[in-house]
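What follows is each chain in one-letter form.
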Amino acid sequence: RTNVMFLKTHKTASSTVLNIMFRFAERYNLTIALPADQLLHLGYPRTFLADFVEEFQAIGQNYNIMCNHLRFNPSEVQKVMAANTFYFSILRNPIPLLESSYVYYKDSVPAFRFSKDVNEYLASPRRYYHPADQHYNIYARNIMWYDFGYDNNAEDDERYIQGVLEEIEQNFHLILIAEYFDESMVLLKHALCWELDDVIYFKLNSRSQDTVQTLTPESEERIKSWCSLDWKLYLHFNQSFWRRIEDTIGLEELEKEVNHLRRRQRGLMQTCLSDQGAVGRDHIENKGLLPFQSGAANILGYNLKQDLDNRTLRTCQKMVMPELQYTSYLYTVQHP
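None of these values were measured; they are calculated from a predicted model. (Residues numbered from 1 in each chain as written. Predicted model: local features only at pLDDT ≥ 70, side-chain atom pairs only at ≥ 80, totals over all residues. Heavy atoms only, no water.)

Draft legend 1. Looking closely at the state of the cysteines. One pass over the full model with this rule turns up one disulfide. Note on cysteine connectivity: Cys272 is disulfide-linked to Cys316, with sulfurs 2.0 Å apart. Given an S-S torsion of about -75°, the disulfide between Cys272 and Cys316 has left-handed geometry. Placement of Cys272 in helix H14 (residues 251-272) and of Cys316 in helix H15 (residues 310-320) is noted, with a sequence separation of 44 residues between them. Look at Cys316 and you get buried, because its relative accessible area is 1%. Take Cys193: it sits in no disulfide, and the sulfur closest to it among the cysteines is that of Cys67, at 19 Å. (Disulfide = S-S within 2.5 Å. Helix = DSSP H or I, 4+ residues; strand = E, 2+ residues; numbered from the N terminus. Buried < 20%, exposed > 50% of the residue type's maximum accessible area, 1.4 Å probe, protein only.)

Draft legend 2. Focus on the pattern of salt bridges. Tallied over the full model, the rule gives 15 salt bridges. Across the salt bridge formed by Asp198 and Arg27, the nearest N and O atoms sit 2.5 Å from each other. With Asp198 in the loop between helix H11 (181-192) and helix H12 (217-226) and Arg27 in helix H1 (residues 14-27), this residue pair connects regions lying 171 residues apart in the sequence. A residue is classified by how much of its surface remains accessible, and Asp198, at 4% relative accessible area, is buried. A residue is classified by how much of its surface remains accessible, and Arg27, at 44% relative accessible area, is partly exposed. One salt-bridge network, in which partners are shared between bridges, spans Arg27, Glu195 and Asp198. (Salt bridge = Lys/Arg side-chain N within 4 Å of Asp/Glu carboxyl O.)

Draft legend 3. Looking closely at the packing of aromatic side chains. Enumeration over the complete set of coordinates arrives at 27 aromatic pairs. Judged by centre distance (4.7 Å) and plane angle (50°), the rings of Phe24 and Tyr28 are tilted. On the basis of an interplanar angle of 90° and a centroid distance of 5.2 Å, the ring pair of Phe241 and Trp242 is categorised as edge-to-face. Ring-pair connections join several aromatic residues into one group, and the members of that group are Phe72, Tyr87, Phe148 and Phe172. Sitting above the plane of the Trp226 ring, Arg141 keeps its charged end 4.0 Å from the centroid. (Phe/Tyr/Trp six-rings, centres within 6.5 Å; stacked < 30°, edge-to-face > 60°. Lys NZ or Arg CZ within 6 Å of the ring centre and 35° of its normal.)

Draft legend 4. Representation of the sheet that holds strand S1 (residues 4-7) in the model. The strand order S2-S1-S3-S4 describes an open sheet built from four strands, whose pairing is parallel. Looking at the sheet topology across the chains shown, the edges are occupied by strand S2 (65-66) and strand S4 (174-177). The pairing of strand S3 (residues 86-91) with S4 spans four bridges and is classified as parallel. Looking across to S4, one finds that Ile90 is bridged to Leu176. Here H1 sits on the sheet and contacts S1, S2 and S3; the angle it forms with S1, its principal contact strand, is near 160°. The strands touched by helix H13 (residues 228-248) are S3 and S4; relative to S4, the strand with the most contacts, the crossing angle is about 100°. (Pairing = 2+ DSSP bridges. Contact = heavy atoms within 4.5 Å. Axes fitted to C-alpha atoms, helices over the stretch in contact; angles between N-to-C directions.)

Right, here's the structure in full:
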C-alpha cells in the first residue's frame, strides 16, 4: 500500500512514525502532502483544509503520503488523498500523555504556565484552564480528541462518545497504541503489506528521564476524569488493537515478529550510533541533527559513527533526522 494517511497526534510517539513514513516515501519515490509555505503543520490547530497542502491546486488528488500534524477533517483530506488511501493514527494513555504535554508545552500553554508543576495543575485544573484561551489550551485537556477533529471541551455524554468512536472507526482502518509501539509496527507492516525494514525505527523526540514529573496517584485519577474523552477513546481502541492482533496475526506470531524487529533495530544501532543510544541535547555533536527543544523538556538526539561509507551514512542520517529538518529537506527535494 503506497497511499497512506497518518493522523499525527501530539505526544504519542508520532514523530517516530512520521520518520518511518518519510523514509518509506523516499524509498519508493512517493509524493508527500507537505504543508504550504514551508510551514511545519498542515494548518494546525485550525481544522484542516485542502489548500493547506503545498501546490494542492496544481497536484490535485495525486499525493501518496500525508503525515504532518493536522486537525482531522475527513471531507477535506479526501480532496487531497486518493479513494483507496489507508488511514491510521496512534493513541497514548492519557495519564503519561498529559504529564508529557505539561513539560513540553509549559511555556506556551496558559493553563500550564501559572502552575508550579503538573500535580498542582491537576489539583484544580479549572483554576488555570479557561476555555476563552481555547486555541492555546488544547494541549491541556483531551488533546487527542481535538486532533481527531472533535470538541475537547464537550460534555462527557455516553451517546455522544459512542457516536464519535463509531465515526473514528469508519474513518480509520487502524489505530495504533503508543505503549505497544513494536507490536504496533508489526501490525502496521501487516496491514500495509510492507517489509520489516519499512517499519524499523530509532525513537525520536523523546526526552531525558530527569525532566519527567512524577504524578501522584490522586493526579492520575484526576486525569481520567479531567481528560475523560481521551480516556474513553484510549480504552476503546486499546481493546480493538488487541482484538485486531488476535484476528490477523495471533499472539505467538506477534511475539516472534516483535523479537525480529528488535534484533534488526539493535543491529542498526550498532552500525549507526557512536553511543549506545540517544543522548541529551548538550551532547549532540552535529547541530544539524539537534531536535527542536521545547518547554522544560530535554529532547534527546543521536550521534552517528564517523567512518560510515556513504550509503550507510545516508541510511543512518535518515533514521535519526529530526522532524523539522526532515520536513524541510523533503520540501527542497519535492518543491525545488
